[in-house]
Amino acid sequence: MSEPTAPLTPSTRREFCARACQAASLAAISGVAAACGGSPTSPSGSNAPAMPIINAAVAGRVVSVPLAGSALAASGSAALLQTSIGAFVAARIAENSANVFTAVCTHQSCTVSGFQNNRFVCPCHGSQFTTGGSVANGPANRALQQFTATIADGVLSFSA
Ligand code: FES
């Protein structure tokens, strides 16, 4: 049984057309995104696991991270350091050695926050950087800016 329908007045017709056009646009966008294999905001991003985050203390411009019990406690680990003067990525290379870089991707300035297969990974377009900071996979074409880091008395520190 069908219900009687009211005739479309000019204003309801206009409203109907506007809504139909919005629905068609959304369908088209999601179809394109699905075809590209990603969302409109990350056309070729990465699924690398996010690094653990360490909120690090800053005195002057010196960042200090006590290592015992932290995400950087073991050699081979990596972490994203959140500080009041910016974000950094750190890789614990050995017992008394770590490499620290800015977390700002050299491609389009996203925060490099992933780590997989011993590489830092940018979530925006999938650029990968070695634990030495150099580009392992584009689209980035410049190394991450490095900061000289030291480990002494179980504390990682660097001046930024
Ligand atoms: S901003 Fe594009 S890969 Fe990092």
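Because the structure is predicted, anything quoted here is derived from the model rather than measured.

### With respect to the sheet that holds strand 4 (residues 78–83)
- Read from one edge to the other, the open sheet built from five strands follows the order 1-4-5-6-11, with strand pairing classed as mixed. Of all the strands in the sheet, the pair left with one neighbour each is strand 1 (53–55) and strand 11 (146–147).
- Bridge count between strand 4 and strand 5 (residues 86–94): six bridges; the pairing is antiparallel. Looking at the pairing, Ala78 lines up with Ala91 of strand 5.

### Let's talk about the pattern of salt bridges
- This structure, assessed with the given rule, holds one salt bridge.
- Arg92 is the salt-bridge partner of Glu95, the closest N and O atoms lying 3.9 Å from each other.

### Observations concerning the environment of Gly114
- Along the chain, the position of Gly114 falls in strand 7 (residues 114–116).
- As for Gly114 and Pro52, which are separated by 62 residues in sequence, their C-alpha atoms are 9.0 Å apart.
- Discounting residues that sit within four places of it in the chain, Gly114 has contacts with Ala48, Pro49, Ala50, Met51, Arg119, Phe120 and Val121.

### Here's the deal with the nonpolar core
- The biggest cluster of nonpolar side chains holds 18 residues, and the ones touching the most others in it are Met51, Val89, Val112, Phe120 and Phe129.
- Listing elements by their share of this core, those giving two or more residues are strand 4 and strand 5.
- The biggest single contributor to this core is strand 5, with three residues.
- Among all residues touching Val112, those that are not within four sequence positions of it are Met51, Leu80, Val89, Ala103, Cys105, Phe120, Val121, Cys122, Pro123, Phe129 and Leu144.
- Membership of the second largest hydrophobic core comes to 16 residues, among which are Val63, Leu67, Leu72 and Ile151.

### Notes on the pairing of strand 6 (residues 97–102)
- Of all the six residues making up strand 6, five are buried; the element is thus mostly covered by neighbouring parts of the structure.
- Inspection of the sheet shows strand 5 paired to strand 6 by six bridges, in the antiparallel sense. Bridge pairing links Arg92 to Ala98 in strand 6.
- Connecting the antiparallel pair strand 5 and strand 6 is a turn made up of two residues.

### Here we look at the sheet that holds strand 2 (residues 57–59)
- If you walk across this open sheet you meet the four strands as 2-3-13-12, and the pairing is antiparallel. What marks the edges here is a single partner per strand, and that holds for strand 2 and strand 12 (149–152). Neighbour to neighbour, the strand axes of the sheet diverge by 25° on average, direction disregarded.
- By the bridge criterion, four bridges tie strand 12 to strand 13 (residues 155–159) in an arrangement that is antiparallel. Residue pairing across strands places Ala149 opposite Phe158, the latter belonging to strand 13.

Rules of the game
Residues numbered from 1 in each chain as written. Predicted model: local features only at pLDDT ≥ 70, side-chain atom pairs only at ≥ 80, totals over all residues. Heavy atoms only, no water. Pairing = 2+ DSSP bridges. Helix = DSSP H or I, 4+ residues; strand = E, 2+ residues; numbered from the N terminus. Salt bridge = Lys/Arg side-chain N within 4 Å of Asp/Glu carboxyl O. Contact = heavy atoms within 4.5 Å. Core = buried A, V, L, I, M, F, W, Y, C linked by side-chain atoms within 4.5 Å. Buried < 20%, exposed > 50% of the residue type's maximum accessible area, 1.4 Å probe, protein only. Axes fitted to C-alpha atoms, helices over the stretch in contact; angles between N-to-C directions.

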